[in-house]
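For reference, the chains in residue letters:
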Amino acid sequence: MEYPWDDLTLAFSRTSMFPFFDIAHYLVSVMALKQRPGAVAAAWSNPLSSWLSAMLHCFGGGILSCILLAEPPLKFLTNHTNILLASSIWYIVFFCPRDLVSQGYSYQPIQLLAAGMKEVTRTWKIVGGVAHANGYYRNGWIVMIAVGWARGAGGAIITACEQLLKGDWKPEGDEWLKMSFPCKVTLLGSIMFTFQHTRHLAISKHDLMFLYTIFLVTIKVTMMMTKDAAVTLTPFEDTLTRMLFGRQQQQFSLSEKKAEVKPSSNGSASSASKRGTEPPSSAKRHAKKED
Amino acid sequence: MEYPWDDLTLAFSRTSMFPFFDIAHYLVSVMALKQRPGAVAAAWSNPLSSWLSAMLHCFGGGILSCILLAEPPLKFLTNHTNILLASSIWYIVFFCPRDLVSQGYSYQPIQLLAAGMKEVTRTWKIVGGVAHANGYYRNGWIVMIAVGWARGAGGAIITACEQLLKGDWKPEGDEWLKMSFPCKVTLLGSIMFTFQHTRHLAISKHDLMFLYTIFLVTIKVTMMMTKDAAVTLTPFEDTLTRMLFGRQQQQFSLSEKKAEVKPSSNGSASSASKRGTEPPSSAKRHAKKED
Amino acid sequence: MEYPWDDLTLAFSRTSMFPFFDIAHYLVSVMALKQRPGAVAAAWSNPLSSWLSAMLHCFGGGILSCILLAEPPLKFLTNHTNILLASSIWYIVFFCPRDLVSQGYSYQPIQLLAAGMKEVTRTWKIVGGVAHANGYYRNGWIVMIAVGWARGAGGAIITACEQLLKGDWKPEGDEWLKMSFPCKVTLLGSIMFTFQHTRHLAISKHDLMFLYTIFLVTIKVTMMMTKDAAVTLTPFEDTLTRMLFGRQQQQFSLSEKKAEVKPSSNGSASSASKRGTEPPSSAKRHAKKED
């Protein structure tokens, strides 16, 4: 009774990402780039810059993991086949006559299929990142987690930096302050795969890949069909937070009050008190920027 | 009849950049830094920071190519002779009594000479970058193009990042959104030298170097004498754009309209519609910042 | 009479930073992070981001020196003991019930002790950075100075970039335009240790470490007790500036006037004249951002 399961998971873990799943990943990334305001105009006025942004969207995770491991960030450019694939998808998405691709992509089933296949590539990226980091630091499991996380979900950071350099700053572009849902799930997966890699998790790799991918795809499809923004992990997070950091509310208000009136030693108290009400003003500023 | 030509180009391609052309390059870069508003005041109030900016202006391309190939960005500091040369030029430009250097540099012929010699160093940089990248990735011709481009014209990107870190953000500082003319010409040259290096261009290296340098210098001098902003490549670009991307105007307006009303899948439609009129507001913001 | 002195300095230079001085360094860094406005709220709403900021505050110098030497920026994550130490200090500082740690830290003597011990670690970092860079470039003494400086005082640069990416831009966050006092002292120390390393300074290493540490601690403690902002180096700087750059005021006003009316060659004169009054407007902008 175990054998068919093992065969299934083994065959699944041996699936090649190359032609189809990569295409789905590139399609979703380029469509996300196109749905940015002004992206189409920028593509017409300066195709090279738009192509560069598309490459950053498609290969951002790999670039970030290369940077974190001090490898050439341009290494992804040596894989000519994938570059050609991503470039052609960028081309048909942006310059297809009568915008056929966007029209076809606007159908819900196609979006679901593409998003699901993109999530499959996420698993492969995390596994690749963990193995890659393990090649550098034999038992640096924190590095393995970080690199797996970066390769799986680091594209958002790269594109945020790109937005920053391009001048149109996106306050919601930072993945640190409030992590997006894929970011959290990727971190969870990176931790699991790292512990599986260091033999602390008694499960075979292909089983974990299979289960984690199923988990990813189901959550993603559910989130897309019911348009709610990732409430699935909230109870789990709440439990963890309460378990780690104790009674949250009064604690927080207490220490927050302290932070307001604390006398600081290095002269930053003035700016602190001055910037005490910074968040609302910044929110206002962003609102002004966005209306 | 061929021999004198070959002798000429060979001798030219063996010219050493070191004393004179480097001096011209450093002079033009430091003068560009000095003509920035507030640069002189900053040099007086904090010479070290001004010296750092000058070094970034002089060696920015090399720094960027080092970063892209994961080499130490500080490698340029090991070339003590050039550092000393650039530092002394920075010193006399900023702190020369009675500002003699700036007065001398304000004469048109001297500017023309210096700018022309700077363009000559550009060719050498591109060739060096292409060969450098080729040492890493044997047949990664995209990497060779990128590194040659970065070393030839990457200084602007480095200085833009520096501006960003220093707080005085320059919206026109990004080289991606609207490439400057040297940036385009450098990309063209990087492509040509890469294809020559991979034997796809049936021309000897020294001939290509000679012709490309002549092309650069003539265009630069023409642009400086007739104060027009690089209209020379426009017809060529238009042809290329039309050849690649078809009928531009109606196409663009069509897809632009679509981009405005497209229902997006990952909840970024709201922000898209909210930020639909972002460019004008941002332009207004920059205007407010600059007046 | 010399022997006890040598024994003392040798024993001092062999002191291990690990348990106690590192703790003091982490404590001061995390408290500096906590005294930032909104840091406590961010820690409660997103502990992972706060932990990441704390790690950047604790290990920023090492990260920057790794980047400058093209080593993996994640290398600091392989030192599990220090990571665990810093994380636990971050935990008790932010989530200790009733905020006991902050209350205890708000006492002057404890702050003095912690700050003094942190300055001791600064010496060790500079020495480590100089030796580290010397392992790469045998006689690249500029690189040695830069890396020693980066490891000793580079944390501020890393945290400034982090602030930049997080969206709450701090105009006083840039260390280049107006260097903070620790930055200057670290640069001084880095120069001294580099020249000692290259045998240009006829003093034994442990003596220099001892004297420099005494110098650092005394200045830091004095500055903290008398709340003045680092006026100690001003006469020295003035002398150096006058020695290097001559009569400052009239010179500067002269060249400043020139910079305003100078005709520039590459069309940046318009923006220069437009942005001639940029600083006040930017100051106003920051004021608007901060009120």
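As the structure is a computational prediction, the values presented were derived from the model and not from experiment. (Residues numbered from 1 in each chain as written. Chains lettered and ligands numbered in written order. Predicted model: local features only at pLDDT ≥ 70, side-chain atom pairs only at ≥ 80, totals over all residues. Heavy atoms only, no water.)

A. Expanded view of the side chain of C:Ser29. Locating C:Ser29 in the fold gives a position in helix H2 (residues 20-34). Engagement of the side chain of C:Ser29 in a polar contact is seen with the backbone oxygen of C:His25, the distance being 2.7 Å. (Helix = DSSP H or I, 4+ residues; strand = E, 2+ residues; numbered from the N terminus. Polar contact = N/O pair within 3.5 Å; in protein donor to acceptor, adjacent residues only side chain to side chain.)

B. Broad picture of a nonpolar patch on the surface. Residues A:Tyr91, A:Ile92, B:Leu188, B:Phe236, B:Leu240, B:Met243 and B:Leu244 make up a contiguous nonpolar surface patch of roughly 640 Å² in combined accessible area. Every element with two or more residues in the nonpolar patch is listed here: helix H5 (80-95) of chain A together with helix H12 (234-245) of chain B. Here the nonpolar patch takes four residues from H12(B), the largest share from any one element. Along the chain, B:Leu240 turns up in helix H12. (Patch = residues over 30% accessible without salt bridge, like charges linked within 9 Å, V, L, I, M, F, W, Y side chains within 5 Å. Areas by Shrake-Rupley, 256 points an atom, 1.4 Å probe, with all protein chains shown as cover. Salt bridge = Lys/Arg side-chain N within 4 Å of Asp/Glu carboxyl O.)

C. Summary view of helix H4 (residues 47-68) of chain B. Residues and elements named next belong to chain B. The terminal C-alpha atoms of H4 lie 29 Å apart, and with 22 residues this matches the ideal 32 Å at 1.5 Å per residue to within 8%. Residue Phe 59 marks the point of greatest curvature in H4, where the axis turns by about 75°. Burial within H4 is extensive, with 17 of its 22 residues counted as buried. (Expected span 1.5 Å × (residues − 1). Bend = angle between axes of the 7 residues up to and from the residue. Buried < 20%, exposed > 50% of the residue type's maximum accessible area, 1.4 Å probe, protein only.)

D. Expanded view of the UniProt feature "transmembrane region" in chain A. Residue and element names in this part refer to chain A. According to UniProt, the feature "transmembrane region" maps to residues 17-33, 48-69, 81-99, 104-122, 139-156, 180-197 and 207-225 in the numbering used here. Secondary structure over residues 17-33 splits into 82% helix and 0% strand, and the C-alpha atoms at its two ends are 22 Å apart. Secondary structure over residues 139-156 splits into 83% helix and 0% strand, and the C-alpha atoms at its two ends are 28 Å apart. (UniProt positions renumbered as here; feature names shortened; annotations may be inferred.)

E. Just empty space enclosed by the protein, in detail. All names here are of chain A. Under the counting rule described, the total for this entry stands at six cavities of 30 Å³ or more. By volume, the largest cavity amounts to about 80 Å³. Around the largest cavity, the lining residues are Glu 119, Arg 122, Phe 181, Pro 182, Val 185, Thr 186, Leu 216, Ile 219, Lys 220 and Met 223. Sorting the residues of the lining of the largest cavity by element identifies helix H7 (108-136), helix H10 (181-197) and helix H11 (205-225) as the ones contributing at least two each. (1 Å grid on protein atoms, 1.4 Å probe; cavity = no way out; pocket = protein on both sides within 12 Å on 5 of 7 lines; lining within 4 Å. Points joined across faces, edges and corners; volume = space filled by probe spheres on them.)

F. Spotlight on the packing of aromatic side chains. Residue and element names in this part refer to chain A. Counted under the stated rule, the structure contains 42 aromatic pairs over all chains. A ring pair is formed by Phe 12 and Phe 210, whose centres lie 5.2 Å apart and whose planes are at 85°; its orientation type is edge-to-face. Taken as a pair, Phe 12 in helix H1 (residues 2-13) and Phe 210 in helix H11 lie far apart in primary sequence, 198 residues in all. Ring centres of Trp 44 and Phe 95 lie 4.8 Å apart, and the angle between their planes is 80°; this geometry places the pair in the edge-to-face category. Placement of the pair is Trp 44 in helix H3 (residues 39-45) and Phe 95 in helix H5, with a sequence separation of 51 residues. For Trp 44, a relative accessible area of 3% gives the class buried. Residue Phe 95 is classed as buried on the basis of its relative accessible area of 5%. Here the aromatic cluster, defined as three or more aromatic residues joined through ring pairs, consists of Trp 44, Trp 90, Tyr 91, Phe 94 and Phe 95. A cation over an aromatic ring shows up here: Lys 34 above the ring of Phe 94, its NZ or CZ 5.8 Å from the ring centre. (Phe/Tyr/Trp six-rings, centres within 6.5 Å; stacked < 30°, edge-to-face > 60°. Lys NZ or Arg CZ within 6 Å of the ring centre and 35° of its normal.)

G. Helix H9 (residues 155-166) of chain B, seen in detail. Its twelve residues give H9(B) an end-to-end C-alpha distance of 16 Å, which sits within 8% of 16 Å, the value for a rise of 1.5 Å per residue. Of all twelve residues that make up H9(B), nine are buried, and the element is covered over most of its length. Where H9(B) is buried, its residues meet helix H9 (155-166) of chain A, H4 and helix H8 (141-153) of chain B together with helix H9 (155-166) of chain C. (Contact = heavy atoms within 4.5 Å.)

H. Looking closely at the nonpolar core. Membership of the largest hydrophobic core comes to 189 residues, with the highest contact counts inside it found for A:Phe59, A:Phe94, B:Phe59, B:Phe94, C:Phe59 and C:Phe94. Setting aside residues up to four positions removed in sequence, A:Phe94 forms contacts with A:Val30, A:Leu33, A:Lys34, A:Ala39, A:Val40, A:Ala43 and A:Ser50. (Core = buried A, V, L, I, M, F, W, Y, C linked by side-chain atoms within 4.5 Å.)

I. Molecular detail of the UniProt feature "binding site: a 1,2-diacyl-sn-glycero-3-phospho-(1D-myo-inositol-4,5-bisphosphate)" in chain A. Residue and element names in this part refer to chain A. Within the UniProt annotation, "binding site: a 1,2-diacyl-sn-glycero-3-phospho-(1D-myo-inositol-4,5-bisphosphate)" is assigned to Lys 118 and Arg 122. The subset of these annotated residues that lines the largest cavity comprises Arg 122. Inspection of the secondary structure puts Lys 118 in helix H7. Along the chain, the position of Arg 122 falls in helix H7. When neighbours within four sequence positions are excluded, Arg 122 is seen to be in contact with Gly 152, Ala 153, Pro 182, Thr 186 and Leu 216. In terms of polar contacts, Arg 122 uses its side chain to reach the side chain of Glu 119, at 3.0 Å.

J. Focus on the environment of B:Ile89. Following the sequence through the fold, B:Ile89 ends up in helix H5 (residues 80-95). Aside from chain neighbours lying at most four places away, what touches B:Ile89 is B:Ile23, B:Tyr26, B:Leu27 and B:Val30.

K. Representation of the side chain of B:Arg36 within the structure. Residue and element names in this part refer to chain B. Of note, Arg 36 is situated in the loop between helix H2 (20-34) and helix H3 (39-45). At a separation of 3.0 Å, a polar atom in the side chain of Arg 36 contacts the side chain of His 57. Dropping the residues within four chain positions of it, Arg 36 is found in contact with His 57, Thr 159, Glu 162 and Gln 163.

L. Structural detail: the packing of H2(C) against helix H5 (residues 80-95) of chain C. Residues and elements named next belong to chain C. In the contact formed by H2 and H5, the axes pass within 9 Å of each other and the chain directions differ by 45°. Relative to H5, H2 is oriented oblique. Between H2 and H5 lies a crossing of right-handed hand. In this structure, H2 uses Asp 22, Ile 23, Tyr 26, Leu 27, Val 30, Met 31, Leu 33 and Lys 34 to contact H5, whose residues at the interface are Asn 82, Leu 85, Ala 86, Ile 89, Trp 90, Val 93 and Phe 94. (Axes fitted to C-alpha atoms, helices over the stretch in contact; angles between N-to-C directions. Parallel < 35°, antiparallel > 145°, perpendicular 65-115°, else oblique. Left-handed = near helix turned anticlockwise from the far one by under 90°.)

M. A look at the confidence of the model for chain A. All names here are of chain A. Summarising the model, chain A shows a mean pLDDT of 77, and 77% of its residues fall at 70 or more. Counting contacts from residues 171-175, a segment whose pLDDT is below 50, to residues more than four positions away or on other chains yields 14 contacts. Taken together, the stretch residues 248-291 has pLDDT below 50 and engages in 54 contacts with residues farther than four places along the chain or on a different chain. Scoring the predicted complex yields pTM 0.79 and, for the interface, ipTM 0.74. (pLDDT = per-residue confidence, 0-100.)

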